[in-house]
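# A structural walkthrough
Now for the letters of each chain:
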Amino acid sequence: MTHPGSSPLDERGTPRAELAQATRALQDEVRGTRIDGRRARELAGIVAEVARELRDSGADDEVGRLHMGPGPVNRGQTLSPVYNVDTWDGRRMQGTVTFARFHHGSVGTAHGGAIGLWADDVLGRLSRELSEGRARTACLHVQYRASVPVGAPVWFTAWADDADGRKRELHATLEDDGTALVTVDGLFVEPRIPLNGH
Ligand SMILES: CCCCCCCC/C=C\CCCCCCCC(=O)SCCNC(=O)CCNC(=O)[C@H](O)C(C)(C)COP(=O)(O)OP(=O)(O)OC[C@H]1O[C@@H](n2cnc3c(N)ncnc32)[C@H](O)[C@@H]1OP(=O)(O)O
């Protein structure tokens, strides 16, 4: 399903979404591979060739445009963990996020920065669902209360307080079996001077 203003990168099953998915798999497998040095060098050449072809094919400027409804967030942004929004009632968003091997921090747990990245992304998405104005992250307070597993979906909830002028406080939790693993409090502010296209 196509959404107004969305890029083909948003759509599950499109060739470009498949390319993003294959890139995620590459990121995961490069991490800690035991491949031998000679083959690693050959593969580096192949990957470099792929990168060259992509660069030569040009790029649009719409990587920030996202699918707004429920479903997986997949916009060719392969840094952030993939998350699925399962429910959205206009105030509260719930779903699951899976941190991949690529997002590994210390042994067996997700990297704190990857968790912060995900939090910024999901709160940014929530903010855009809530208002037309382009708010930006002014402040993000992430509390790491327990380890977040890698390779298994984790339940999240994100919600917003009422807007106070250009400011809006947004919150998110990651939880497992009712135990809070991470709590996030963010402040998003609509810039006094809006930036073109942002
Ligand atoms: C094309 C169509 C697409 C449609 C589809 C979209 C779907 C989307 C889905 C998913 C998207 C997910 C995408 C990811 C989202 C990621 C978001 C980011 O990462 S944004 C990048 C990181 N953030 C920055 O780069 C900000 C840099 N900072 C600034 O630009 C400014 O400092 C800004 C805008 C935050 C504030 O600047 P001022 O000049 O406009 O505001 P002043 O007047 O100073 O402050 C306003 C109020 O805010 C408070 N404030 C400002 N900064 C604060 C802070 N750091 N802490 C506490 N309060 C702060 C101030 O005290 C003031 O409060 P008082 O009105 O007096 O009550």
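Residues numbered from 1 in each chain as written. Predicted model: local features only at pLDDT ≥ 70, side-chain atom pairs only at ≥ 80, totals over all residues. Heavy atoms only, no water.

## Some words on the environment of Pro81
- As for its placement among the helices and strands, Pro81 is situated in the loop between β1 (71-72) and β2 (82-88).
- Here Pro81 falls in the buried class, since its relative accessible area comes to 3%.
- Distance from Pro81 to Arg128, taken between C-alpha atoms, is 19 Å for residues 47 residues apart in sequence. (Helix = DSSP H or I, 4+ residues; strand = E, 2+ residues; numbered from the N terminus. Buried < 20%, exposed > 50% of the residue type's maximum accessible area, 1.4 Å probe, protein only.)

## Let's talk about the side chain of Arg168
- Note on placement: Arg168 falls in strand β6 (residues 167-176).
- Asp162 provides the closest opposite charge to the buried, salt-bridge-free Arg168, at an N-O distance of 5.6 Å.
- Discounting residues that sit within four places of it in the chain, Arg168 has contacts with Leu130, Ser131, Ala160, Asp161, Asp162, Ala163, Gly186, Leu187 and Phe188. (Lys, Arg positive; Asp, Glu negative; His and termini not counted. Salt bridge = Lys/Arg side-chain N within 4 Å of Asp/Glu carboxyl O. Contact = heavy atoms within 4.5 Å.)

## A few points about the environment of Thr23
- Tracing the chain through its elements places Thr23 in helix α1 (residues 15-30).
- Judged by its relative accessible area of 29%, Thr23 falls in the partly exposed class.

## Remarks on the UniProt feature "domain: Thioesterase" (unreviewed entry) in the protein
- Under the UniProt annotation, "domain: Thioesterase" (unreviewed entry) lies at residues 108-180.
- Secondary structure content for residues 108-180 is 26% helix and 40% strand, while the C-alpha to C-alpha distance between its ends is 18 Å. (UniProt positions renumbered as here; feature names shortened; annotations may be inferred.)

## What to know about the packing of aromatic side chains
- The tally for this structure, following the rule as stated, stands at three aromatic pairs.
- Consider the rings of Tyr83 and Trp118, whose centres lie 6.4 Å apart with planes at 90°: the pair is edge-to-face. With Tyr83 in strand β2 and Trp118 in helix α3 (residues 112-130), this pair connects stretches of sequence that are 35 residues apart.
- Taken together, a centroid distance of 5.9 Å and an interplanar angle of 85° make the contact between Tyr83 and Phe156 edge-to-face. One end of the pair, Tyr83, is in strand β2; the other, Phe156, is in strand β5 (residues 153-160), with 73 residues separating them in the sequence.
- For Tyr83, a relative accessible area of 1% gives the class buried.
- We classify Phe156 as buried; its relative accessible area is 0%.
- Among the aromatic residues, those joined into a ring-pair cluster are Tyr83, Trp118 and Phe156. (Phe/Tyr/Trp six-rings, centres within 6.5 Å; stacked < 30°, edge-to-face > 60°.)

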